[in-house]
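# Residue-level structural notes
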Amino acid sequence: FLIKNFRVKQTNKTIGLLTGYYEPTINVSHNNDQIFRFPILKKNKYYLGKSRQYIKNNFELKDVLLWTDDIVDLFFLHIQGSGIGKFNDGTTIKIAYDGNNNLPYSSIGKHLINKGYLKPEETNLFSIKDWLRRNKKLSIGVMNSNKRYIFFKSFKSKNHHPVGAFGIQLSPETSIAVDKKIYPLGLPFIILSEAEKMYLPVVSLDTGSAIIGPNRADIFTGREDKAEEKAGKLKKKIYLLALIPYSN
């Protein structure tokens, strides 16, 4: 079927990178108190062009969607773009991406490396979280170095994965985010890892501001601890082979 209906296209021979993203679970409350004191905000045009630091210090209560108890978990909800909110009684709510403040994304992992706080070979989701929790006085400035701020909407939680930029539900280990300036969404690909002799069939259903380049992809790993573990440590050198449909 593939041979008859698709052509394999490699747009660039410079080796790229495969990373992972997942759907985190975060504790939430409808009420603000000494524990639940960090806001998850709804979209408001007022915040466009304003930095993460400004928004955190100047948000309005009417724009609070929910409150959470952990500023580091909240930051990584912003990075992942969507998640599951869990209330004290065990019920859950879907927290979905609803826009950003139109400022550029920057990696705090690279920031920590440039500052000498972490070594490149030890930098991953878990080492970054650990550093932020151990260095609370410095962590606010580090998180604020990423000026992009994400806004959310919520709806009743259902047992399905988030919807990507293509408009359909993401599938673990199959859906990838690509650079939409290079590739159209909805295109099938083969991820080639020469080091592991791996050929993985995937589909481009999402995009992201950190996903830049012809051989750069971010694969959705799902939710729960195993998905976080895989996404947090995934760094593979790869090539993206696009499968272009054609007709004789």
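First, a word on scope: everything that follows refers to the structure included in this document. (Residues numbered from 1 in each chain as written. Predicted model: local features only at pLDDT ≥ 70, side-chain atom pairs only at ≥ 80, totals over all residues. Heavy atoms only, no water.)

Turning our attention to the overall build of the protein. For the protein, the helix and strand inventory stands at 7 helices and 13 strands. Expected size for 248 residues packed as a compact globule is a radius of gyration near 18 Å; at 19 Å, the protein falls within 12% of this value. Dimensions of the protein along its principal axes, counting C-alpha atoms only, are 65 × 40 × 35 Å. Out of the 248 residues in the protein, the part that is buried amounts to 46%. Contacts in the protein between residues at least 24 apart in sequence constitute 76% of all its contacts with a sequence separation of at least 6. Accessible surface, the protein: about 13,700 Å² in total, of which carbon and sulfur atoms supply 53%. Charged side chains in the protein number 38 positive and 22 negative. The centres of these two groups are separated by 6 Å. (Helix = DSSP H or I, 4+ residues; strand = E, 2+ residues; numbered from the N terminus. Rg over C-alpha atoms; globule rule 2.2 N^0.38 Å. Buried < 20%, exposed > 50% of the residue type's maximum accessible area, 1.4 Å probe, protein only. Contact = heavy atoms within 4.5 Å. Areas by Shrake-Rupley, 256 points an atom, 1.4 Å probe, with all protein chains shown as cover. Lys, Arg positive; Asp, Glu negative; His and termini not counted. Charge placed at Lys NZ, Arg CZ, Asp CG, Glu CD.)

A separate point is unusual backbone geometry. Positive phi, normally seen in glycine, also occurs at K197, with a value near 55°. By secondary structure assignment, the location of K197 is in the loop between β10 (188–193) and β11 (198–207). Positioned with a positive phi, E224 is a non-glycine residue whose angle comes to about 75°. By the element assignment, E224 lies in helix α7 (residues 224–233). Residue E224 is classed as exposed on the basis of its relative accessible area of 52%.

Before going further, it helps to spend a moment on the side chain of E23. Along the chain, the position of E23 falls in strand β2 (residues 16–23). E23 gets classed as buried once you look at its relative accessible area, which sits at 1%. In terms of polar contacts, E23 uses its side chain to reach the side chain of R223, at 2.8 Å. In contact with E23, other than residues within four places in its own chain, are S82, G83, I84, K94, H160, H161, P162, F220, G222, R223 and E224. (Polar contact = N/O pair within 3.5 Å; in protein donor to acceptor, adjacent residues only side chain to side chain.)

At their nearest, the axes of helix α5 (residues 125–134) and helix α6 (residues 136–144) sit 6 Å apart, and the two run at 125° to each other. The pairing of α5 with α6 is recorded here as oblique in orientation. Note on element contacts: α6 touches α5 through K136, L138, S139, V142 and M143, opposite W131, L132, R133 and R134. (Axes fitted to C-alpha atoms, helices over the stretch in contact; angles between N-to-C directions. Parallel < 35°, antiparallel > 145°, perpendicular 65-115°, else oblique.)

Our next topic: α7. For α7, the set of buried residues is A227, E228, A231 and G232. All buried residues of α7 lie within an arc of 125° about the axis, which places them on one face of the element. Facing away from the buried side of α7, by more than 90 degrees, are the exposed residues D225, K226 and K233. The elements touched by buried residues of α7 are β2, α5 and β12 (216–223). (Arc of directions from axis to C-beta.)

With respect to the helices, strands and loops of the structure, G213 is situated in the loop between β11 and β12. Residues G213 and I182, spaced 31 residues apart in sequence, show a C-alpha to C-alpha distance of 7.5 Å.

Take T19: it is sitting in strand β2. Of note is the side chain of T19, whose polar atom sits 2.6 Å from the side chain of D218.

Ordered in space as β4-β5-β3-β6-β7-β8, the 6 strands form an open sheet in which the pairing is mixed. Lying at the two open borders of the sheet, with one neighbouring strand each, are β4 (38–41) and β8 (150–156). The mean angle between the axes of side-by-side strands here comes to 45°, regardless of whether they run parallel or antiparallel. For strand β3 (residues 25–29) and strand β5 (residues 64–68), the ladder comprises 2 bridges, and the chain directions are antiparallel. Its bridge partner lying in β5, S29 is registered against W67. Contacts from helix α3 (residues 71–80) reach β3, β4, β5, β6 (83–86), β7 (92–100) and β8, with the element oriented near 15° to β4. (Pairing = 2+ DSSP bridges.)

Okay, α3 next. With respect to burial, α3 is a largely interior element, 7 of its 10 residues being buried. Where α3 is concerned, the buried positions are V72, L74, F75, F76, L77, H78 and Q80. Where α3 begins, the side chain of D70 points an oxygen toward the backbone nitrogen of V72, at a separation of 2.8 Å. G81 sits one or two residues past α3 and shows a positive phi near 95°.

Any functional reading would require information beyond the geometric quantities listed.
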